[in-house]
Amino acid sequence: MIKLFNSLSKKKEIFKSIVPGQVKMYVCGMTVYDFCHLGHARVLIVFDLIYRWFKASGYEVTYVRNITDIDDKIITRAAEQGVTYGVLTKQFIDEMNADAEALGVISPDAEPKATESIDAMIIMIQGLIEKGYAYVGSNNDVFYAVSKFNGYGKLSGKSLEDLRAGNRVEVDKFKKNSFDFVLWKSAKPGEPCWNSPWGKGRPGWHIECSAMSNKFLGKNFDIHGGGQDLQFPHHENEIAQSEAFNGCQMANYWLHNGFVKVDNEKMSKSLGNFFTIREILNHYEPEIVRFFVLKAQYRSPLNYSDTHLEDAKQGLTRLYLAIRGNDTRIDQEIDWKNNFASQFKDALDDDFNTSEAISILFSLANEVNKSNQDQEKQLLIQLANILGILEMDPELFLRGNIKSSDNDIDIDLLISDRLSAKKNKDYQKADEIRIFLEGHDILLEDTPNGTIWRKK
């Protein structure tokens, strides 16, 4: 049984799918006007892991992750660059997909763009007006009337009274209530726009996800996910729109991954501690970044620092060292009755606790180092592959970009010279060769099958 923390009920629940054996999951994706950052990486990796675990657990999964390809930031950035919004968004969709592929993220089953579902959004907005949940302002913008929806605040725990006390919402003279939010924006001169019953314009942000989840997964589906920062107001507004339109619960379970911090401070451009995935991958192997993200349970804060990335690098290196020299691939399914496999399963069944699952992998790696049994190595690889790690050739990972021979040093020749020196009992020369190689970030390991090397 898979247990997960439902943000809606504020407690851990046993997962029960609407259709036995099937999971329908919608995750809020990226707004594509710039390179993806570390926060995006966490969303991509976390829900990829959840997708993988449901499939490994025998479920048939339909995973939808949307793309927001029209909004104020996109229009502004396109104007700054002197290109159309379509040219801009295509560039950054391609960049996003390149980052996701590098991080070992499996493509979702559907990745709809907002601009491809405008008709569905218009139908939903019309329905909300007819049902009395929305109205047309004097400026021809369409607004959602928050006070009409009795369940507003049930996800975030924020009541309208609390919001009024906090005075957090900017007053708009075209709204009936300062808390109402826009469903359809009238077009300004030169902006991209679509025809609608209320004139030319474009959708508001919140209606996009309501319409696309409804279109691809139906009125009621199993899981809605995203970053914790989307819980309010975006996901709260989605619930208000979808449930008012459909007359039933939108998603049964809401999952939110925790915030990303940098050296214990919230990541932000204003603080100068903002990192794109591309920048991080210039310094670390993608699998190290993925391992770093998964070391923390998905709901906990993720603290980024060079020290933590180096720790992740050393940890992943330990696992790769354990499977080094595994030439046998055992073509069989995982034996979940195995003690290590059973503990690994229990960890992921408990709200996708990757932190605990990884500790099980380290315990298994210790056992592999003692026994050197190919079958245990294979189990370690199989379990790790569910997390999307240990998917590289061990030698390629451990040696990095260092080749056996280049213009500066010939590693294999020096290893041979060291072996000859040891045979001749010239231990000083043998040590000098080892120290020389360490100075070039090459570590030697003497094994019963000869001397092997890896990057320091």
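Residues numbered from 1 in each chain as written. Predicted model: local features only at pLDDT ≥ 70, side-chain atom pairs only at ≥ 80, totals over all residues. Heavy atoms only, no water.

Looking up the chain in an unreviewed UniProt entry gives the name Cysteine--tRNA ligase, with the organism given as Methylophilales bacterium HTCC2181. Under the UniProt heading Subunit (unreviewed entry), the entry covering the chain gives this text: "Monomer." (UniProt positions renumbered as here; feature names shortened; annotations may be inferred.)

Considering the UniProt feature "short sequence motif: 'HIGH' region" (unreviewed entry) in the chain
The sites that UniProt annotates as "short sequence motif: 'HIGH' region" (unreviewed entry) are residues 30-40. End C-alpha to end C-alpha, residues 30-40 measures 7 Å, and it is 27% helix and 0% strand. (Helix = DSSP H or I, 4+ residues; strand = E, 2+ residues; numbered from the N terminus.)

Focus: the sheet that holds strand E7 (residues 181-186)
Strand order in the open sheet made by the four strands is E5-E6-E7-E8, with antiparallel pairing throughout. Lying at the two open borders of the sheet, with one neighbouring strand each, are strand E5 (134-136) and strand E8 (201-203). Averaged over all adjacent pairs, the angle separating strand axes in this sheet is 20 degrees, with direction ignored. As defined by bridge partners, E7 adjoins E8 across three bridges and the pair is classed as antiparallel. For Ser186, the partnering residue across the bridge sits in E8 and is Gly201. (Pairing = 2+ DSSP bridges. Axes fitted to C-alpha atoms, helices over the stretch in contact; angles between N-to-C directions.)

Examining the pattern of salt bridges
Considering all chains together, one arrives at 23 salt bridges under this definition. Arg324 is paired through a salt bridge with Glu395; the nearest N and O atoms lie 2.6 Å apart. Separated by 71 residues along the polypeptide, Arg324 in the loop between helix H10 (306-323) and helix H11 (339-349) and Glu395 in helix H14 (residues 394-399) bring together distant segments of the chain. The buried category is assigned to Arg324, whose relative accessible area is 9%. Under the relative-accessibility criterion, Glu395 is labelled partly exposed at 26%. Lys422 serves as the salt-bridge partner of Asp446, at 3.5 Å between the closest nitrogen and oxygen. With Asp446 in strand E14 (residues 442-447) and Lys422 in helix H15 (residues 411-423), this residue pair connects regions lying 24 residues apart in the sequence. With relative accessibility at 44%, the residue Asp446 sits in the partly exposed group. In this structure Lys422 comes out as partly exposed when scored by relative accessible area, which is 31%. (Salt bridge = Lys/Arg side-chain N within 4 Å of Asp/Glu carboxyl O. Buried < 20%, exposed > 50% of the residue type's maximum accessible area, 1.4 Å probe, protein only.)

Considering the packing of H15 against helix H16 (residues 427-439)
The geometry of H15 relative to H16 is characterised by a closest axis approach of 7 Å and an angle of 155 degrees between their N-to-C directions. Comparing the axis directions of H15 and H16 gives the class roughly antiparallel. Here H15 runs over H16; the crossing is left-handed. Counting all contacts with H15, which are made through Ile411, Leu414, Asp417, Arg418, Ala421 and Lys422, the residues of H16 involved are Tyr427, Lys429, Ala430, Ile433, Arg434, Phe436 and Leu437. For the contact of H15 with H16, a count of residues per class yields eight nonpolar, no polar and five charged. (Parallel < 35°, antiparallel > 145°, perpendicular 65-115°, else oblique. Left-handed = near helix turned anticlockwise from the far one by under 90°. Contact = heavy atoms within 4.5 Å. Nonpolar A, V, L, I, M, F, W, Y, C, P; charged D, E, K, R; others polar.)

Considering the domain arrangement of the chain
When its domains are assigned, the chain resolves into domain 1 (18-257), domain 2 (262-398) and domain 3 (402-455). Centre-to-centre, using C-alpha coordinates, domain 2 lies 29 Å away from domain 3. With five residues of domain 2 at the interface, the matching set in domain 3 holds five residues. Ranking the residues of domain 2 by area buried against domain 3 places Leu321, Arg324 and Leu398 at the top, with a combined share of 83%. The interface formed by domain 2 and domain 3 contains two residue pairs in polar contact (both at pLDDT 80 or more). Every element with two or more residues in the side of domain 2 that touches domain 3 is listed here: H10 and H14. Broken down by class, the residue content of the side of domain 2 that touches domain 3 amounts to two nonpolar, one polar and two charged. (Domains from an automatic or database assignment. Buried area = accessible area lost by both parts, 1.4 Å probe. Polar contact = N/O pair within 3.5 Å; in protein donor to acceptor, adjacent residues only side chain to side chain.)

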